[in-house]
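Listed below, chain by chain, are the residues.
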Amino acid sequence: MIFPLSGLVIGALIGVMRARMRGGKPADLVQWGLVFAILFGLIGLFVLIFIERSYY
């Protein structure tokens, strides 16, 4: 359960930092944060599924 949640948080932080480095407005910060949070959350979900299935 921790991998998708940590992926969401890390992805949101990376997205916001990336938008801020490019000089984004607040709406850009939110959009980039959400996109990266979804992307990293999905990656974390697949990692969790792989780990759970490999132990059974």
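Analysis parameters
Throughout, a residue's number is its position along its own chain's written sequence, starting from 1. Thresholds applied to this predicted model are a pLDDT of at least 70 for local features of residues and 80 or more for the giving and counting of side-chain atom pairs; totals over whole chains, interfaces and linings are not thresholded and use all residues. Working from all heavy atoms in the structure, the side-chain values ignore hydrogens and water. Aromatic pairs are defined between Phe, Tyr and Trp rings, using the six-membered ring for Trp, whenever the two ring centres lie within 6.5 Å; interplanar angles under 30 degrees are classed as stacked, those over 60 as edge-to-face, and all others as tilted. In DSSP terms, a helix is any run of H or I states spanning at least four residues, a strand is any run of E spanning at least two, and both are numbered starting from the N terminus. Relative accessibility thresholds used throughout: buried, under 20% of the residue-type maximum; exposed, over 50%; partly exposed, between the two (1.4 Å probe, protein chains only). A helix is expected to span 1.5 Å for every residue after the first. As used here, the arc belongs to the directions running from the helix axis to the C-beta atoms. The contact rule is simple, with two residues in contact once any of their heavy atoms fall within 4.5 Å.

Please set out the packing of aromatic side chains residue by residue, giving values where relevant.
The geometry of an aromatic ring pair comes down to the distance between the two centres and the angle between the two planes. For the coordinates displayed, the defined rule picks out two aromatic pairs. Look at Trp32 and Phe36: their rings are 5.9 Å apart centre to centre, the planes differ by 15°, and that puts the pair in the stacked class. Taken together, the residues span about one helical turn, with Trp32 and Phe36 both in helix α2 (residues 26-54) at a distance of four residues. Taking relative accessible area as the criterion, Trp32 reaches 27% and is therefore assigned partly exposed. You can call Phe36 buried: its relative accessible area is 16%. The interplanar angle of 35° and the centroid separation of 6.2 Å between the aromatic rings of Phe36 and Phe40 together place this pair among those described as tilted.

Go over helix α1 (residues 2-21), please, and point to the residues and values.
Every α-helix carries 3.6 residues per turn, so stepping three or four residues along brings you back to the same face. Counted at 1.5 Å a residue, the expected span for α1 with its 20 residues is 28 Å, and the 28 Å between its end C-alpha atoms agrees. All of the buried residues along α1 are Pro4, Gly7, Gly11, Gly15 and Ala19. When α1 is viewed along its axis, its buried side chains cluster within an angular range of 80° and face the same direction. Of the exposed residues in α1, the ones pointing more than 90 degrees away from its buried face are Ile2, Leu13, Met17, Arg20 and Met21. Residues of α1 that are buried sit in contact with α2. Gly23 occupies a position one or two residues after α1 and carries a positive phi of about 80°.

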